[in-house]
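Chains, contacts and geometry: an overview
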Amino acid sequence: MSERTDLPDHHSALWQAPATPPRWVIWHASEDEVLVFDREFNIPVAVDDAALEEVLRRMRGAGAPESDDYPGRPCG
């Protein structure tokens with residue numbers, strides 16, 4: 001199998017200027033778990049562990065909000 005070499009670029013939409021309200025947020029789900037959350041689809045975004053730090057760095061640089069609280073809508 002071939003490995004992706006463009007992992008940070010693959011997630012570049014995550015650090016674009018945020019919409020109002022922002023679609024993607026950084027969610028501190030627990031003390032040791034930080035996730036990118038897609039508020040439009042109401043689910044965490046699958047970001048490879050190898051690219052997560054770079055994606056988070058770029059999102060923070062673009063001003064993405066961070067929260068310890070669940071950023072999504074109630075299910076159901």
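Residues numbered from 1 in each chain as written. Predicted model: local features only at pLDDT ≥ 70, side-chain atom pairs only at ≥ 80, totals over all residues. Heavy atoms only, no water.

Relative to the helices and strands, Ala-62 is located in the loop between helix H2 (49–61) and strand E4 (66–67). Of the residues examined, Ala-62 reaches a relative accessible area of 30% and is grouped as partly exposed. For the pair Ala-62 and Gln-16, spaced 46 residues apart in sequence, the C-alpha separation works out to 6.6 Å. (Helix = DSSP H or I, 4+ residues; strand = E, 2+ residues; numbered from the N terminus. Buried < 20%, exposed > 50% of the residue type's maximum accessible area, 1.4 Å probe, protein only.)

Bringing the pattern of salt bridges into the picture now. Using the criterion set out here, one finds five salt bridges in the structure. Asp-38 is paired through a salt bridge with Arg-23; the nearest N and O atoms lie 2.8 Å apart. Of the two residues, Asp-38 is situated in strand E2 (residues 33–38) and Arg-23 in the loop between helix H1 (7–10) and strand E1 (24–30); the sequence distance between them amounts to 15 residues. By relative accessible area, Arg-23 is classed as partly exposed at 25%. With a closest N to O distance of 2.6 Å, Arg-58 and Glu-54 form a salt bridge. Highlighted residues: Arg-58 and Glu-54, both in helix H2, separated by four residues, approximately one helical turn. Owing to a relative accessible area of 24%, Glu-54 belongs among the partly exposed residues under this scheme. (Salt bridge = Lys/Arg side-chain N within 4 Å of Asp/Glu carboxyl O.)

Turning to its location among the elements, His-10 is positioned in helix H1. Taking the C-alpha atoms as reference points, His-10 and Val-47, 37 residues apart in sequence, are found 9.6 Å from one another.

As for its placement among the helices and strands, Asn-42 is situated in the loop between E2 and strand E3 (43–44). A distance of 2.7 Å separates the side chain of Asn-42 from the backbone nitrogen of Arg-73, its partner in a polar contact. Setting aside residues no more than four positions away along its own chain, Asn-42 makes contact with Phe-37, Tyr-70, Gly-72, Arg-73, Pro-74 and Cys-75. (Polar contact = N/O pair within 3.5 Å; in protein donor to acceptor, adjacent residues only side chain to side chain. Contact = heavy atoms within 4.5 Å.)

One ladder, built from six bridges, connects E1 with E2; its direction is antiparallel. Paired with Ser-30 across the strands is Glu-33, a residue of E2. Linkage of E1 to E2, two consecutive antiparallel strands, is achieved through a turn of two residues. Sheet topology note: the E2/E3 ladder contains two bridges and is antiparallel. Note that in E3 the partner of Asp-38 across the bridge is Ile-43. Following E2, the chain reverses through four residues before pairing antiparallel with E3; Asn-42 in that reversal takes a positive phi of roughly 60°. (Pairing = 2+ DSSP bridges.)

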